[in-house]
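Single-letter residue listing:
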Amino acid sequence: MYDELTEVDIRKMQEEIDYKMRVVRPKCVEDLKTARAFGDLSENYEYKAAKQELRRCDSRLRYLRRMIDTAKVIKPVSRDDRIGLFDKVTIWFEEEDETETYTIATTLREDVLKGIISKESPLGRALMGKKTGDRVQVRVNDDYAYHVEIKEVEKGSDDASLPIRSF
């Protein structure tokens, strides 16, 4: 299985790897050495915390490297009248009679609380390739689906302004 990511996603992940290797990880190792010198490791909270922080850093580095190694690089290109990656889409939800605006991004940069949805989410999948005025069925699962109407599409670009997701 691979993730479809853009060149900007890959570059942002590589920048984070470089930063963590140059700055964060050496600091974690130094903190661990300092905490180890405090004495009895079985009752040394500083040692446990430093060890946990080093593990967290190493885990993030493994995750980022694996994402880069398994990624399928895509180009965020779409026709002028169709919804594509990084476009801002205003939609009307029929059931709630509400209008919302979302930006469609890769899974690595989604942040639902900020209105940034993944192109692989049920809503993102349903919107990709559609145009203003289309009524679209969003299938969440086999038992539930809802309809939205696309009110407006503002073309976007992969300008690196959206940060990558942390864990």
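Our structure is the block above this text.
These figures come from a predicted structure and were not determined experimentally. Within each chain, residues carry numbers counting from 1 in the order of the written sequence. Thresholds applied to this predicted model are a pLDDT of at least 70 for local features of residues and 80 or more for the giving and counting of side-chain atom pairs; totals over whole chains, interfaces and linings are not thresholded and use all residues. Side-chain metrics in this entry use all non-hydrogen atoms of the structure; hydrogen atoms and water are not considered.

*Asks:* Account for a positive patch on the surface, with residues named and values stated.
*Replies:* A cluster of basic residues, Lys-33, Arg-36, Lys-51 and Arg-55, forms a positive patch at the surface. Starting at the N terminus, helices and strands are each numbered in turn, a helix being any DSSP run of H or I of at least four residues and a strand any DSSP run of E of at least two. For the positive patch, the secondary-structure elements that each account for two or more residues are helix H1 (7–36) and helix H2 (45–70). Looking at where Arg-55 falls in the secondary structure, it is placed in helix H2. Residues qualify for a patch when their relative accessible area is over 30% and they have no salt bridge, like charges being joined within 9 Å and the nonpolar side chains of Val, Leu, Ile, Met, Phe, Trp and Tyr within 5 Å. Residue burial considers only the protein chains on display, and all accessible areas are found by Shrake-Rupley using a 1.4 Å probe. For this analysis, a salt bridge means a side-chain nitrogen from Lys or Arg found within 4 Å of a carboxyl oxygen belonging to Asp or Glu. For the charge count, each Lys or Arg is scored as positive and each Asp or Glu as negative, with His and the chain ends excluded. To locate a charge, take atom NZ for lysine, CZ for arginine, CG for aspartate or CD for glutamate.

*Asks:* Describe in detail the pairing of strand E6 (residues 135–139), supporting the description with residues and values.
*Replies:* Because side chains alternate across E6, one face comprises the buried residues Val-136 and Val-138, and the other comprises Arg-135, Gln-137 and Arg-139, none of which is buried. Each pair of strands is called paired provided DSSP finds at least two bridges between the two strands. Alignment of E6 against strand E7 (residues 145–154), held across five bridges, turns out to be antiparallel. Considered in E7, the bridge of Arg-135 is made with Glu-149. Taking the residues between adjacent antiparallel strands as the criterion, E6 and E7 are bridged by five residues. Three labels apply to residues, based on accessible area from a 1.4 Å probe with only protein chains included: buried if under 20% of the type maximum, exposed if over 50%, partly exposed otherwise in between.

*Asks:* For the environment of Gly-133, give the residues involved together with the corresponding values.
*Replies:* Within the secondary structure, Gly-133 is located in the loop between helix H3 (122–127) and E6. Between the alpha carbons of Gly-133 and Lys-88 there is a distance of 15 Å; along the sequence they are 45 residues apart.

*Asks:* Tell me about H1, residues and numbers included.
*Replies:* Helix span, expected: 1.5 Å multiplied by one less than the number of residues in the helix. End to end, H1 covers 41 Å across 30 residues, agreeing with the expected 44 Å (1.5 Å per residue, within 8%). The angle separating two fitted axes, one through the seven residues that finish at a residue and one through the seven that start at it, defines the bend at that residue. The largest bend along H1 reaches roughly 45° and is located at Lys-20. Here H1 has its buried residues at Val-8, Asp-9, Ile-10, Lys-12, Met-13, Glu-16, Ile-17, Lys-20, Cys-28, Leu-32 and Ala-35. We call two residues in contact when some of their heavy atoms are within 4.5 Å. Where the residues of H1 are buried, they touch strand E1 (4–5), H2 and strand E2 (72–73).

*Asks:* Which residues make up the pattern of salt bridges, and what values go with them?
*Replies:* In total, this model carries 15 salt bridges according to the counting rule given. Ionic pairing is found between Arg-109 and Asp-9, a salt bridge with its closest N-O pair at 2.5 Å. Residue Arg-109 is found in the loop between strand E4 (98–105) and strand E5 (116–118), and its partner Asp-9 is found in helix H1; the two are separated by 100 residues along the sequence. Here Arg-109 and Asp-9 have matching classes, each one buried. For the salt bridge of Lys-27 with Asp-31, the shortest nitrogen-to-oxygen distance reads 2.8 Å. Note that Lys-27 and Asp-31 are positioned in helix H1 at a spacing of four residues, about one turn of the helix. Given a relative accessible area of 34%, Asp-31 falls into the partly exposed group.

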